[in-house]
Amino acid sequence: MAIVVVDVALKPEILDPQGRAVQGALGRLGLHGVTDVRQGKQFVLTIDGEVTADKLDEIKKIAETLLSNPVIEDFTVEVKA
Amino acid sequence: MSSRIGVVTFPGSLDDRDAIRAVTLAGAEAVSLWHADATLQGVDAVVLPGGFSYGDYLRCGAIARFAPVMEPLIKAARDGMPVLGICNGFQILCESHLLPGALTRNDHLHFICRDQRLQITNTTSAWTSNFDMNQEIVVPLKNGEGGFVADERTLDQLEGEGRVIARYLEVNPNGSRRDIAGICNEAGNVVGLMPHPEHAVEALTGPTVDGLGFFTSVLKSLVDNGKVLA
């Protein structure tokens, strides 16, 4: 069994109003000096068996087609264990 | 024989009934299509209605884009069949890459519901041919993720090719780039629109009847293209 983590984040040039709202809340809670907050998504995939190169390619393809929208988002794929 | 226009219902669609009513009032036969069916039942055009398909999980329209009915729909749209995506339907069309760009969360983070003034800026697409150029219309707008974004090159291309079909007037309600409310594909058969023309088809329930123009336009385009008899 293996764990593959896919992180999805809005591209830097895309406005992130949710991140901005969180940033506003941080200041109200007394955490100062935070100049930017970007909110993303994390998918933790539990994989049966080993993560072969082929399997990783499949996961990357899914990350590109379903888990993220390449028009507005970037993603990273990491094999954890 | 009247035109047959399909309206797809996904789990979480809200405005499929109103879309059916609009299609019927425009003079076409409305055909209910189900997301899990792999057929379009031979319809001449399709409306993807507004709502929250699959609860807007993952991203708006991202899961609906892979529904079985989308496979024949994407193929038919590429072959020239008229498709109108309204609100969530617009999001599904972008996720399907039938239209460029994406819809993101409103810049002010609030869900917005208001009667919106629009300017029609394309009168050649399958869904806008019955309007006059620069005609102003008022239809309801209601969305939480209606901010249209695309890279500068794509925005320039859309404007340069006359593919921005409608713009917001007076106020930009959601942070859409260049006040874009709707766009079409290169061939003009696929149109995505964030505001809701299907809610403005009867004096009793809508602010105007301006929305009917989208549905009468497609009937005209089907007749002009010889798809159905007048």
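Everything in this summary refers to the structure shown in the same document. If you're wondering where the values come from, they're calculated on a predicted model, not measured in any experiment.

About the criteria used
Residues numbered from 1 in each chain as written. Chains lettered and ligands numbered in written order. Predicted model: local features only at pLDDT ≥ 70, side-chain atom pairs only at ≥ 80, totals over all residues. Pairing = 2+ DSSP bridges. Helix = DSSP H or I, 4+ residues; strand = E, 2+ residues; numbered from the N terminus. Contact = placed C-beta atoms within 7 Å. Nonpolar A, V, L, I, M, F, W, Y, C, P; charged D, E, K, R; others polar. Axes fitted to C-alpha atoms, helices over the stretch in contact; angles between N-to-C directions. Parallel < 35°, antiparallel > 145°, perpendicular 65-115°, else oblique. Left-handed = near helix turned anticlockwise from the far one by under 90°.

All names here are of chain A. Relative to strand β2 (residues 40–47), strand β1 (residues 2–10) runs antiparallel, the two being bridged by eight bridges. Within β2, the residue paired with A2 across the bridge is I47. In terms of strand pairing, β1 meets strand β3 (residues 73–79) through seven bridges, oriented antiparallel. Across the sheet, residue V4 finds its bridge partner in β3, namely V79.

When the parts come together, some accessible area is lost, and that loss is often what is quoted as the size of the interface. Each side of the interface is counted separately: chain B has 12 residues, and chain A has nine residues. When its residues are assigned to classes, the side of chain B that touches chain A shows five nonpolar, three polar and four charged.

Moving on, we come to the packing of helix α1 (residues 16–26) of chain B against helix α5 (residues 212–224) of chain B. Residue and element names in this part refer to chain B. Two numbers describe how α1 lies on α5: the axes approach to 9 Å, and their chain directions differ by 60°. Relative to α5, α1 is oriented oblique. In the packing of α1 onto α5, the handedness of the crossing is right-handed. Facing α1, whose interface residues are A22, V23, L25 and A26, α5 presents L212, F215, T216 and L219.

In this section: the environment of A63(A). Note on placement: A63(A) falls in helix α2 (residues 53–67). Between the C-alpha atoms of A63(A) and V8(A), which are 55 residues apart in sequence, the distance is 8.5 Å.

Attention now goes to the sheet that holds β2(A). By way of backbone hydrogen bonds, the strands of a sheet pair with one another, either parallel or antiparallel. Residues and elements named next belong to chain A. Here three strands make up an open sheet; going across it, the order is β2-β1-β3 and the pairing antiparallel. At either margin of the open sheet sits one strand with a lone partner, and together these are β2 and β3. In this sheet, neighbouring strand axes are inclined to one another by 15° on average, regardless of whether the strands run parallel or antiparallel. Here α2 sits on the sheet and contacts β1, β2 and β3; the angle it forms with β3, its principal contact strand, is near 155°.

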